[in-house]
Each structure stands twice: as structure tokens, then as C-alpha cells.
Amino acid sequence: MQAARGTSLSDDTDRPAVPSHTRTGRLRLVLAAVFAVLYAVDVVSKVLAVEHLTGRPDVEVVGDLLVLHLVRNPGAAFSTGTEYTVVLSCIAIVALCVVLWLARRVGNVVWAIALGLLLAGVAGNLTDRLLRSPGPLRGHVIDMFMLPSWPVFNVADMCINVAAGLILLQAFRGVRIDGTRDEGEK
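Notes on the structure follow. (Residues numbered from 1 in each chain as written. Predicted model: local features only at pLDDT ≥ 70, side-chain atom pairs only at ≥ 80, totals over all residues. Heavy atoms only, no water.)

Each α-helix winds once per 3.6 residues, and so residues spaced three or four apart point in a common direction. Under the 1.5 Å per step criterion, the end-to-end length of helix α3 (residues 109–131) is 32 Å for 23 residues, consistent within 8% with the ideal 33 Å. Its side-chain oxygen at 2.8 Å from the backbone nitrogen of Val 110, Asn 108 defines the N-terminal cap of α3. (Helix = DSSP H or I, 4+ residues; strand = E, 2+ residues; numbered from the N terminus. Expected span 1.5 Å × (residues − 1). Polar contact = N/O pair within 3.5 Å; in protein donor to acceptor, adjacent residues only side chain to side chain.)

As C-alpha cells, this is what we get:
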């Protein structure tokens, strides 16, 4: 019902306080900031690990619970697929492109953080594969954190795992990447 031509009597409180394009811009900024900070932390930690741990014994940080142990890993998690380094590099390039494509649609802060983490993790390990010895697409990933009964890992691996957890959380909550909820979810 309208009081006058073009004037609605209904309450307009359903409209977001911030225009959609401004909110999307802010979420993309969150994604970019998470990516930039964690990518830098990953790269710097790997440079420091190579500089300070090469040819040296393990460094106990918290007794046997957390030990710094330098590993050059040509494979994936748990050093699997060591003979498929080029394939793993190509998969990482595709994953990077997919995350960047999905980032265009981000409409929720948890999704922005998750995609920023995923981008930082994939890009961090891909950087090693592209720039480290023995050569482009065949480079070995630098890992340095060792826990008991767990494979050696790096900051990029932590980012990928936290991102996976956040993505699963959003899936269970029924929150799509654009911030909308699945039908029937509240």
C-alpha cells in the first residue's frame, strides 16, 4: 500500500545500512589483508628456517612438543606423491585461480577470512614450488614445524587447514559464499 505515488508505507528496515558494493569492497579488503599478512609470514618463516636451520640440529621450542626441524618436501602432505611435484604445482596453480574466481562473490566475513587463508596457504607453497631448487614447478616446499607423531609442516599448511575448517563450518551453517543461506536454514 502506498500513501502517495512512489511512497511505501512498509518499513524499509530490511535494507542493509551499507550499500552492497561497499560491503563487498570491505569483504574483499578483509580477504586481501588476511592473504597479504599470512603469505608474508609464511615466506619470511621459510627464509628464516633455511637461513638458521640448514645443517644444524633440531631446535626444541617447547620440549618434544614443538621442534624446529628443516625439511625440503617435494611431495604433498605426509611427503606423499614425491614423484608428482610438477602435477602438484599445476594443481596449486588451478586452485589459486579457482580461489581468486570465487573471491569475486564473497559476501560474508567468515568466507572472506577462509578464502584469504586458503589463498595465502596455496600461494605460499606454490611460491616454493616455483622458486626453490631443483627448479620451476619442481621446487621443494620448506617445512619446519614438527609435532610428535605428525608430519613436519609450515605456516602455509596451517592456513590451508584453518581455511578448510572455516569452509566446513560455513557449509554446516548453510552459509553460501555470497553470504546468503541455503533454503530452509535460518
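Don't stop here, the text continues.
Summed over the entire model, instances satisfying the criterion amount to 4 salt bridges. The shortest N-O distance in the salt bridge between Lys 46 and Asp 42 comes to 2.9 Å. In this pair, Lys 46 and Asp 42 both sit in helix α1 (residues 20–53), 4 residues apart, roughly one turn of the helix. Both residues of the pair, Lys 46 and Asp 42, count as buried. The salt bridge partner of Asp 128 is Lys 46, with a shortest N-O separation of 3.0 Å. With Asp 128 in helix α3 and Lys 46 in helix α1, this pair connects stretches of sequence that are 82 residues apart. Given a relative accessible area of 4%, Asp 128 falls into the buried group. (Salt bridge = Lys/Arg side-chain N within 4 Å of Asp/Glu carboxyl O. Buried < 20%, exposed > 50% of the residue type's maximum accessible area, 1.4 Å probe, protein only.)

Another aspect to go through is the packing of α3 against helix α4 (residues 155–173). As a packed pair, α3 and α4 sit with axes 8 Å apart at the nearest point and diverge in direction by 150°. Taken together, α3 and α4 sit at an angle that is classed as roughly antiparallel. The way α3 lies across α4 gives a crossing that is left-handed. Residues Val 110, Trp 111, Ile 113, Ala 114, Leu 117, Leu 118, Ala 120, Gly 121, Val 122, Gly 124 and Asn 125 of α3 form the contact with α4, whose participating residues are Ala 156, Asp 157, Cys 159, Ile 160, Val 162, Ala 163, Leu 166, Ile 167, Gln 170 and Arg 173. Here the contact of α3 with α4 is composed, by residue class, of 15 nonpolar, 4 polar and 2 charged. (Axes fitted to C-alpha atoms, helices over the stretch in contact; angles between N-to-C directions. Parallel < 35°, antiparallel > 145°, perpendicular 65-115°, else oblique. Left-handed = near helix turned anticlockwise from the far one by under 90°. Contact = heavy atoms within 4.5 Å. Nonpolar A, V, L, I, M, F, W, Y, C, P; charged D, E, K, R; others polar.)

Residue position: Val 152 is located in the loop between β5 (141–146) and α4. Owing to a relative accessible area of 19%, Val 152 belongs among the buried residues under this scheme. C-alpha of Val 152 to C-alpha of Ser 79: the two residues are 73 residues apart in sequence and 9.1 Å apart in space. Leaving out residues up to four positions away in the same chain, Val 152 has contacts with His 69, Val 71, Asp 143, Met 144, Phe 145 and Met 146.

Ranked by internal contacts, the top residues of the largest apolar core, which has 28 residues, are Leu 31, Ala 49, Trp 111, Leu 115 and Met 144. If you list the elements that add at least two residues to this core, you get α1, α2 (85–103), α3, β5 and α4. For this core, the element with the most residues is α3, which contributes 9 residues. With sequence-adjacent residues up to four places away left out, Ala 49 is seen in contact with Thr 54, Leu 70, Ile 142 and Met 144. (Core = buried A, V, L, I, M, F, W, Y, C linked by side-chain atoms within 4.5 Å.)

Right, let's get into a nonpolar patch on the surface. A cluster of nonpolar side chains, contributed by Val 59, Val 61, Val 62, Leu 65, Leu 147 and Trp 150, occupies part of the molecular surface with about 530 Å² of accessible area. Following the sequence through the fold, Leu 65 ends up in the loop between β3 (59–62) and β4 (66–73). Classification of Leu 65 by relative accessible area gives exposed; the value is 52%. (Patch = residues over 30% accessible without salt bridge, like charges linked within 9 Å, V, L, I, M, F, W, Y side chains within 5 Å. Areas by Shrake-Rupley, 256 points an atom, 1.4 Å probe, with all protein chains shown as cover.)

Another point: the packing of α1 against α4. Packing of α1 against α4 leaves a shortest axis separation of 8 Å and a crossing angle of 150°. Here α4 runs roughly antiparallel to α1, going by the angle between their axes. Across the interface between the two elements, Leu 38, Val 41, Asp 42, Ser 45 and Lys 46 from α1 touch Val 155, Ala 156 and Cys 159 from α4. Partitioned by chemical class, the residues of the contact of α1 with α4 number 5 nonpolar, 1 polar and 2 charged.

Function-wise, these values are silent; they only describe arrangement.
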